[in-house]
Amino acid sequence: MIEEAMLMAKEYTTGLKYFINTMGCKLNENDSEKIAGMLTKMGYSEAKSVEEANIVVFNTCCIRENAEEKLFGKLGELKNLKKQNNMIICLGGCMSQEKHVVDKVKQSYSQVDIVFGTHNIHKLPEMILKKLTENQKVFDVWDIDGDIIEGLPVKRTGEKNALVTIMYGCNNFCTYCIVPYVRGRERSRKPEDILKEVRNLASEGYKEIMLLGQNVNSYDGGAGYHFSNLLRDIDQIPGINIVRFMSPHPKDFTDDVISAIADCKSVCKVIHLPLQSGSSKVLNLMNRKYTKEQYLTLVQKIREKVPDVTFTTDIIVGFPGEEEADFLDTLDVVEKVKFEQVFMFIYSVRKGTAAEKMPNHVPEEIKSERFNRLKELADRITEEENKKYIGTVQKVLVEGESKTNAEVLTGRTRSNKIVNFSGSKSLIGKEIDVEIISEHVWYLKGKAV
Ligand code: SAH
Ligand code: SF4
Ligand code: F3S
């Protein structure tokens, strides 16, 4: 049926163009690649900008509050363009799973033609076909967890690096987080399907993959096959030299995963290990299921078994009940672990989560003051850690020209640091040696050797 709808649509789509607006995390990016794959198969080609598009898909994120206003603003802006281009407007992603969003669209945003959710992106071709043939609005969002659909076409955005979702949903219910409500329970893809995808990527010339899931180390391939088995099997696939994954949960970081990271040559020795808070009290309120001490012990254990490992992390400041002493614990962990990069978020209330109803919400000005203090410390440490690269020679997978300067090439080290350097375009897609000459907080400057 999916296949049929994609082929039938071709009759209507000659010369038409699509534009996808992707918000949120890498899982959404990977979903958008599948949406682009389906639209391409339906006969659409990619528009350079929204102005020239005949179909626009918003793949939304609702992890924080402010995204909603932005989306509605954008929908408002499209009203005139819609008439001009006879445009179909589709709304999908995590926000579509929220009832109040869909209600608001129904009430006040008549320009939206199609609403789909996170469990039925594979239904998009049928929904578009219905709109094209019957000129009807189609709103279809599923509450139940969707089956895993294999084999959707994927139009990848990376040249040599590819995203591979290994599992969907989340069972953790961290008390601040909306994801379990909009993405459903954990469902793992079959090992053979993942390995087949990675083998295909290797044969297409991809060199780097990023394994994705909300909690990759609770991957369950059945019959005792876990995340560590997957890492080991992927490591055996020739051609894929760089394997990253995002995100593991500290509570599930078992010894077999640590050994697999240590043993597998292709697996990068940089681990994104979300901390969220350094205070055991706040971690308990967040339902993270580890303490400050357990987190630090885990880091220590990984350091002992994986030489030269580095860490990056996510931190939320201003969670309800966070006091100055708790915040100082967070700073303490940042100081101790020396994260190469900290992704910082100001706590944002999400409707329907447990934290929404917790007492002692932190005033905005304290949240932003703490955010600034954390940023100062994290930037100082990033700079210190970056300085250690100066004078070293790093393997860099060259990704393309720099966005701001076509004379400059850009790529990433195995530890995921952005490196800019001058060189010939023929190097794009290759992994080459680059000597690091200076650091600039968000990137390193180097010269090819
Ligand atoms: N599954 C991953 C991350 C998912 S969301 C994990 O468990 O780490 C990405 C990040 O957004 C989270 O790590 C968290 O730091 C942040 N985040 C999630 N909900 C948030 C909220 N309500 N307010 C602020 N930041 C939030
Ligand atoms: Fe959200 Fe926690 Fe699940 Fe991550 S592990 S997606 S933070 S509930
Ligand atoms: Fe956002 Fe959904 Fe990802 S809420 S962070 S896009 S799973």
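Residues numbered from 1 in each chain as written. Chains lettered and ligands numbered in written order. Predicted model: local features only at pLDDT ≥ 70, side-chain atom pairs only at ≥ 80, totals over all residues. Heavy atoms only, no water.

## Here's the deal with the environment of Leu75
We count it as follows: In this text, helices come from DSSP runs of H or I with a minimum length of four residues, and strands from runs of E with a minimum of two, each type numbered from the N-terminal end. Here, residues are in contact when the closest pair of their heavy atoms is within 4.5 Å.
Structurally, Leu75 can be placed in helix H3 (residues 67–85). Sequence spacing of Leu75 and Val112 is 37 residues, and the spatial spacing of their C-alpha atoms is 7.9 Å. Not counting residues up to four positions away in its chain, the partners in contact with Leu75 are Phe58, Ile89, Tyr109, Gln111 and Val112.

## Side note on helix H9 (residues 255–263)
To keep things clear, this is the line we draw: Relative accessibility under 20% of the residue-type maximum defines a buried residue, over 50% an exposed one, and the middle range a partly exposed one, all with a 1.4 Å probe and only protein chains included. The directions from the helix axis to the C-beta atoms form the arc being described.
Taken together, the buried positions of H9 are Val257, Ile258, Ala260 and Ile261. Viewed end-on, H9 has its buried residues packed into an arc of 160 degrees, placing them on one side of the element. Tucked inside the fold, the buried residues of H9 contact helix H8 (227–235), strand S11 (242–246), strand S12 (270–272) and helix H11 (292–305).

## Digging into the side chain of Asp252
If you trace the backbone, Asp252 turns up in the loop between S11 and H9. Judged by its relative accessible area of 19%, Asp252 is buried. If sequence neighbours within four positions are ignored, Asp252 has contacts with Asn215, Asn217 and Ser218.

## What to know about the sheet that holds S11
For clarity, the cut-off: Only strands that DSSP links by at least two bridges are regarded as paired with each other. Here, axes are lines fitted to C-alpha atoms. For helices the fit covers the stretch in contact, and angles between N-to-C directions go from 0 to 180 degrees.
Spatial strand order, S7-S10-S11: 3 strands in an open sheet with parallel pairing. Of all the strands in the sheet, just strand S7 (161–165) and S11 have a single pairing partner and so form its edges. Pairs of neighbouring strands in the sheet enclose a mean axial angle of 20 degrees, with direction left out of account. Alignment of strand S10 (residues 208–212) against S11, held across 5 bridges, turns out to be parallel. Bridged to Leu212 within S11 is Met246.

## Let's talk about the site of ligand 3
Let me state the cut-off plainly: Being near a molecule or strand, for a residue, comes down to having at least one heavy atom within 4 Å of it. Throughout this entry, Asp, Glu, Lys and Arg are counted as charged residues, while Ala, Val, Leu, Ile, Met, Phe, Trp, Tyr, Cys and Pro are counted as nonpolar. The remaining residues, Gly among them, count as polar.
Lining the immediate environment of ligand 3, one finds Cys25, Asn28, Cys61, Cys62, Ile63, Cys94, Arg183 and Gln214. When grouped by side-chain class, the residues that make up the shell around ligand 3 number 5 nonpolar, 2 polar and 1 charged.

## Things to note about the pattern of salt bridges
Between side chains of opposite charge, a pair can form as their charged atoms come close. The condition that has to hold: By salt bridge we mean one thing: a side-chain nitrogen of Lys or Arg within 4 Å of a carboxyl oxygen of Asp or Glu.
On inspection of all chains with the given rule, the structure shows 42 salt bridges. Lys123 is the salt-bridge partner of Glu126, the closest N and O atoms lying 3.5 Å from each other. Residue Asp326 pairs with Lys281 through a salt bridge whose shortest N-O separation is 2.8 Å. Of this pair, Asp326 sits in helix H12 (residues 324–337) while Lys281 is found in helix H10 (residues 280–286), placing the two residues 45 residues apart along the sequence.

## Quick look at the site of ligand 2
Taken together, the residues surrounding ligand 2 are Cys170, Asn172, Phe173, Cys174, Tyr176, Cys177, Val179, Pro180, Gln214, His249 and Arg288. When the residues that make up the shell around ligand 2 are grouped by side-chain class, the tally is 7 nonpolar, 3 polar and 1 charged.

## Here's the deal with the nonpolar core
Put simply, the test is: By nonpolar core we mean a set of buried residues, namely Ala, Val, Leu, Ile, Met, Phe, Trp, Tyr and Cys, connected to one another through side-chain atoms within 4.5 Å. These domain boundaries are the output of an automatic or database domain assignment.
Ile166, Ile209, Leu211 and Phe227 are the most contacted members of the largest nonpolar core, which has 68 residues in total. Taken domain by domain, this core gets at least three of its residues from each of domain 2 (158–268) and domain 3 (276–385). Non-local contacts of Phe227, meaning those with residues more than four positions away in its chain, are made with Ile166, Leu211, Val216, Asn217, Tyr219, Phe245 and Val257.

## Structural notes on the environment of Lys83
Assignment of secondary structure puts Lys83 in helix H3. Along the backbone, Lys83 and Met358 are 275 residues apart, and their C-alpha atoms lie at a distance of 46 Å.

## A look at the domain arrangement of the chain
Per the domain assignment, the segments making up the chain are domain 1 (2–140), domain 2 (158–268), domain 3 (276–385) and domain 4 (393–448). For domain 1 and domain 4, the distance between their C-alpha centroids amounts to 35 Å.

## Observations regarding the packing of H11 against H12
Cut-off, in case you're wondering: Should an angle lie under 35 degrees it is considered roughly parallel, over 145 roughly antiparallel, and from 65 to 115 roughly perpendicular; all remaining angles are considered oblique.
Between H11 and H12, whose axes approach to 11 Å, the crossing angle comes to 5 degrees. Between H11 and H12, the angle falls in the class roughly parallel. Two secondary-structure elements touch here, H11 through Lys292, Tyr295, Leu296, Val299 and Arg303 and H12 through Asp329, Asp332, Val333, Lys336 and Val337.

## A look at the sheet that holds strand S17 (residues 418–422)
Here 5 strands make up a closed barrel; going around it, the order is S15-S16-S17-S19-S18 and the pairing mixed. In this sheet, adjacent strand axes meet at a mean angle of 50 degrees when their direction is disregarded.

## A word on the pairing of strand S4 (residues 88–93)
The two faces of a sheet get side chains in turn, since along a regular strand they alternate between them. To keep things clear, this is the line we draw: Clockwise travel from the first strand over the helix to the second, with the strands pointing away from the viewer, marks a crossover as right-handed.
Counting buried positions over the 6 residues of S4 gives 6, a clear majority of the element. Alternating positions in S4 separate into two faces, Ile88, Cys90 and Gly92 on one and Ile89, Leu91 and Gly93 on the other, with burial throughout. Sheet topology places strand S3 (residues 55–60) next to S4; 6 bridges connect them, and they run parallel. Residue pairing for S4: Asn59 is matched across the bridge by Gly92. In the classification by handedness, the crossover that spans S3, the intervening H3 and the parallel S4 is right-handed. For the segment spanning S4, helix H4 (residues 99–108) and strand S5 (residues 114–116), crossover handedness is right-handed.

## Remarks on the pairing of S11
The element S11 is largely enclosed, with a buried count of 4 among its 5 residues. In the classification by handedness, the crossover that spans S10, the intervening H8 and the parallel S11 is right-handed.

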